[in-house]
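# Topology and contacts: notes
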Amino acid sequence: MSYVRRDATEIIAASGDLELTQRALARDGAAFRTIIKTHNQRLYRIARGVVRNDSEAEDIVQEAYVRAFAHLGSFRGDASLGTWLSRIVINEALGRLRKRRRSVAMPENPQAEIIQFPLNPSDDPERTMAQRQILALVERATDSLPDLYRMVFVARVIEGLSIEETSELLGVRPETVKTRLHRARALLRKALDDQIGPVLLDAFPFAGRRCERLTTAVMKRLGLEG
């Protein structure tokens, strides 16, 4: 159910979605490719946000596409195609999560790639290492969020959906989205606060070679080192 009125832009977008789905229903390969390329990243991140496992998230997205394309005729444009696909992904991901919990315990530290952090190997290696450490902290903290809060956080902060889009995607009221996001941020801040202390010196770019270079330069200017 949608809790917001659709404006002209949404109506135009929905019209484009309908046209694209009609082409796909006619077995237009280019239409299928356009749909997949347009929505891959969002669907993967949403799936990854639920199951917290890279390879399983990829499997979920693939399965969701197969199911979606098999029932493409049921898409009526009441929501955007992206939202419609995202709901299928969430349902598939939650089903996998329930099945996994019935069989085996969730691994504590699954490989994480929720947030793409800009890394340039040509940069200062100390800065690159700091970025990787910060990224790892954020990923672990995000993974530690309870499911309800993590899904809202992934949708709103990582994927950048609006409150209304997140509300429509998850089937909850906008007020609920705001409340859960506030709680998610508070939990994330606490998790980062608890972890940041032990790695702060290693993560700060001036802690290594830069620090030594700066110290040497200052000592020389003070005449305390030849």
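Report follows, based on the coordinates. (Residues numbered from 1 in each chain as written. Predicted model: local features only at pLDDT ≥ 70, side-chain atom pairs only at ≥ 80, totals over all residues. Heavy atoms only, no water.)

Turning our attention to the environment of Leu-192. Of note, Leu-192 is situated in helix H8 (residues 174–203). Spatially, the C-alpha atom of Leu-192 lies 9.5 Å from that of Thr-142, the residues being 50 residues apart in sequence. In contact with Leu-192, not counting residues within four places along its chain, are Leu-137, Val-138 and Ala-141. (Helix = DSSP H or I, 4+ residues; strand = E, 2+ residues; numbered from the N terminus. Contact = heavy atoms within 4.5 Å.)

Bringing the side chain of Arg-150 into the picture now. Within the secondary structure layout, Arg-150 lies in helix H6 (residues 147–158). Overall, the relative accessible area of 0% leaves Arg-150 in the buried class. Here the side chain of Arg-150 touches Leu-145 through a polar contact of 2.7 Å, landing on its backbone oxygen. Residues contacting Arg-150, with those up to four places away along its chain left out, are Gly-49, Val-50, Arg-52, Thr-142, Asp-143 and Leu-145. (Buried < 20%, exposed > 50% of the residue type's maximum accessible area, 1.4 Å probe, protein only. Polar contact = N/O pair within 3.5 Å; in protein donor to acceptor, adjacent residues only side chain to side chain.)

Moving on, we get to the packing of H6 against helix H7 (residues 163–170). At a closest axis distance of 9 Å, the pairing of H6 and H7 adopts a crossing angle of 140 degrees. The angle between H6 and H7 falls in the class oblique. Between H6 and H7 lies a crossing of right-handed hand. When H6 is examined against H7, the residues Met-151, Val-152, Ala-155 and Arg-156 are found in contact with a partner set consisting of Ile-163, Thr-166, Leu-169 and Leu-170. (Axes fitted to C-alpha atoms, helices over the stretch in contact; angles between N-to-C directions. Parallel < 35°, antiparallel > 145°, perpendicular 65-115°, else oblique. Left-handed = near helix turned anticlockwise from the far one by under 90°.)

Across all of its chains, the model carries 9 salt bridges by this definition. For the salt bridge of Arg-96 with Glu-92, the shortest nitrogen-to-oxygen distance reads 3.0 Å. Here Arg-96 pairs with Glu-92, and both are found in helix H4 (residues 81–103), just 4 residues apart, close to one helical turn. Taking the relative accessible area as the measure of exposure, Glu-92 reaches 9% and is therefore buried. For Arg-173, the salt bridge is made with Glu-175, and the minimal N-O distance between the two is 3.7 Å. Salt bridges sharing common partners tie together Glu-63, Arg-67, Glu-92 and Arg-96. (Salt bridge = Lys/Arg side-chain N within 4 Å of Asp/Glu carboxyl O.)

Once that is clear, we can look at the packing of aromatic side chains. Within the structure shown, the criterion is met by 3 aromatic pairs. Plain terms: the ring middles of Tyr-65 and Phe-69 are 5.7 Å apart, the flat faces sit at 15 degrees to each other, and that makes the pair stacked. Placement of both Tyr-65 and Phe-69 in helix H3 (residues 54–70) is noted, with a separation of 4 residues, approximately one turn of the helix. The class of Tyr-65 is buried, set by a relative accessible area of 6%. With a relative accessible area of 21%, Phe-69 lands in the partly exposed category. By way of ring pairs, the aromatic residues Phe-32, Tyr-65 and Phe-69 are connected into one cluster. (Phe/Tyr/Trp six-rings, centres within 6.5 Å; stacked < 30°, edge-to-face > 60°.)

Notably, Arg-27 is not glycine yet its phi reads approximately 65 degrees, a positive angle. Along the polypeptide, Arg-27 turns up in the loop between helix H1 (8–25) and helix H2 (29–51). Accessibility expressed as a relative area gives 67% for Arg-27, which makes it exposed. A positive phi angle is found at Arg-52, which is not glycine, with a value near 60 degrees. Note that Arg-52 resides in the loop between H2 and H3.

For the pair H2 and H6, the least separation of the axes is 9 Å and the interaxial angle reads 150 degrees. By the angle class used here, H2 and H6 are roughly antiparallel. H6 is crossed by H2, and the crossing has right-handed handedness. Contact residues: H2 offers Arg-45, Ile-46, Gly-49 and Val-50, while H6 offers Arg-150, Met-151, Val-154 and Ile-158. Tallied by class, the residues present in the contact of H2 with H6 amount to 5 nonpolar, 1 polar and 2 charged. (Nonpolar A, V, L, I, M, F, W, Y, C, P; charged D, E, K, R; others polar.)

We now examine H2. The sharpest bend along H2 reaches about 50 degrees and sits at Asn-40. Regarding H2, its N-cap is Asp-28, as a side-chain oxygen of that residue lies 2.9 Å from the backbone nitrogen of Ala-30 further along. Arg-52 lies just past H2 and shows a positive phi near 60 degrees. (Bend = angle between axes of the 7 residues up to and from the residue.)

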